[in-house]
Amino acid sequence: GQVYEDWLDNIDKAGAAYKNALELRPNHRPARVALARIYTQQKQWMQLIDLLQQELAATGDTVYATTLLMRQGEIYRDQLEDLDLATHCFEAVLQHKVGVVPALLALAIVAVRFLTLLGLPGVSPGGGPVSAGGAVAGRRGERRTPRRV
């Protein structure tokens, strides 16, 4: 797969070679990491999530598991816009002793997006507080108009 990817610039054949390698050796981490890179380049988000889930099942390292869960949550939140599944991933991170702060920050972003989708007053699409006049409070009390998504 590496020859196709690095030397021949053929991502499709590289992906097929990495998949073949994983069929022969399911726990071959370099092939899994390379395939994850290809799925990311090709924006094949569901395949990437499945691959990350396989990697999560194969690891006993809590720090690495936290990283994988955070990545899954980010994909659900930012690429697939599935806030429910993103929330589940970030909440799973909270079960570990590592990665709690990033998970809480990620959950805060999800909460703001939920509120924005609901159209609640007081929340701008960018996530900042909105004053009574509809302007978003900026640095040092500056007022700016909220951008529309």
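Colleague: When you look at unusual backbone geometry in this model, what are you seeing that I'm missing?
Modeller: Keep in mind that most residues, glycine aside, have a negative phi and that most peptide bonds are trans. Of note in this structure, K43 is not a glycine but carries a positive phi near 55°. As for its position among the elements, K43 is in the loop between α3 (29-41) and α4 (45-58).

Colleague: Got a minute to help me understand the packing of aromatic side chains in this structure?
Modeller: The geometry of an aromatic ring pair is captured by two quantities: the separation of the ring centres and the angle between the planes. On inspection of all chains with the given rule, the structure shows zero aromatic pairs. Geometry around Y64 places R29 over its ring, the cationic atom sitting 4.0 Å from the centre.

Colleague: Sorry, what's going on with helix α7 (residues 100-118) here?
Modeller: Every α-helix winds through 3.6 residues per turn, so residues three or four apart in the chain are directed the same way. Spanning 19 residues, α7 covers 27 Å between terminal C-alpha atoms, matching the ideal 27 Å at 1.5 Å per step. Regarding α7, the residues found buried are A103, A106, L107 and V110. Viewed along the axis of α7, the buried residues span an arc of 100°, placing them on a single side of the element. Exposed residues pointing more than 90 degrees away from the buried face of α7 are listed as V101 and L105. Against the buried residues of α7 lie α5 (62-79) and α6 (83-93). Trailing α7 by a residue or two, G119 shows a phi angle of about 70°, which is positive.

Colleague: Sorry, what's going on with the pattern of salt bridges here?
Modeller: Between side chains of opposite charge, a pair can form when the charged atoms approach closely. Considering all chains together, one arrives at four salt bridges under this definition. Between D78 and R113 there is a salt bridge; the shortest N-O distance is 3.3 Å. Remark: R113 occurs in helix α7 and D78 occurs in helix α5; sequence separation between them is 35 residues. The structure contains a network of salt bridges with shared partners spanning R29, R32 and E55.

Colleague: Is there a simple way to explain the confidence of the model for the chain in this structure?
Modeller: Low-pLDDT portions of the prediction should not be read for the details of their coordinates. For the chain, per-residue confidence averages 75 on the pLDDT scale, and residues scoring 70 or more make up 73% of the total. Strand β2 (residues 143-144) is the least confidently modelled element of the chain, averaging 40 in pLDDT, while α5 averages 91, the highest of any element. Counting contacts from residues 129-149, a segment whose pLDDT is below 50, to residues more than four positions away or on other chains yields 28 contacts.

Colleague: I would appreciate a short explanation of the packing of helix α2 (residues 11-24) against α3 in the present structure.
Modeller: The relative placement of two packed helices is expressed as an angle between their axes plus a distance between the axes. The geometry of α2 relative to α3 is characterised by a closest axis approach of 9 Å and an angle of 145° between their N-to-C directions. Crossing of α2 over α3 shows left-handed handedness. On α3, the residues that touch I11, A14, G15, Y18, K19, A21 and L22 of α2 are A31, R32, A34, L35, R37, I38, Y39 and Q41. Looking at side-chain class alone, the contact of α2 with α3 contains 10 nonpolar, two polar and three charged residues.

Colleague: For this particular structure, what's the right way to read the environment of V33?
Modeller: For V33, the location among the structural elements is in helix α3. On the accessibility criterion, V33 (39% relative accessible area) is partly exposed. Measuring from C-alpha to C-alpha, the distance between V33 and L52 comes to 9.0 Å, with 19 residues separating the pair along the chain.

Colleague: How should the nonpolar core be read in this particular structure?
Modeller: Note on soluble globular proteins: their nonpolar side chains tend to be buried together. Core analysis: the biggest nonpolar cluster contains 31 residues, and Y18, L35, L48, L51, M70, I75 and F90 have the highest contact counts within it. Those elements that provide at least two residues to this core are α2, α3, α4, α5, α6 and α7. Ranked by residue count, the leading element in this core is α5, at seven residues. Residues contacting L48, with those up to four places away along its chain left out, are A36, Y39, T40, R71 and I75.

About the criteria used
Residues numbered from 1 in each chain as written. Predicted model: local features only at pLDDT ≥ 70, side-chain atom pairs only at ≥ 80, totals over all residues. Heavy atoms only, no water. Helix = DSSP H or I, 4+ residues; strand = E, 2+ residues; numbered from the N terminus. Phe/Tyr/Trp six-rings, centres within 6.5 Å; stacked < 30°, edge-to-face > 60°. Lys NZ or Arg CZ within 6 Å of the ring centre and 35° of its normal. Expected span 1.5 Å × (residues − 1). Buried < 20%, exposed > 50% of the residue type's maximum accessible area, 1.4 Å probe, protein only. Arc of directions from axis to C-beta. Contact = heavy atoms within 4.5 Å. Salt bridge = Lys/Arg side-chain N within 4 Å of Asp/Glu carboxyl O. pLDDT = per-residue confidence, 0-100. Axes fitted to C-alpha atoms, helices over the stretch in contact; angles between N-to-C directions. Left-handed = near helix turned anticlockwise from the far one by under 90°. Nonpolar A, V, L, I, M, F, W, Y, C, P; charged D, E, K, R; others polar. Core = buried A, V, L, I, M, F, W, Y, C linked by side-chain atoms within 4.5 Å.

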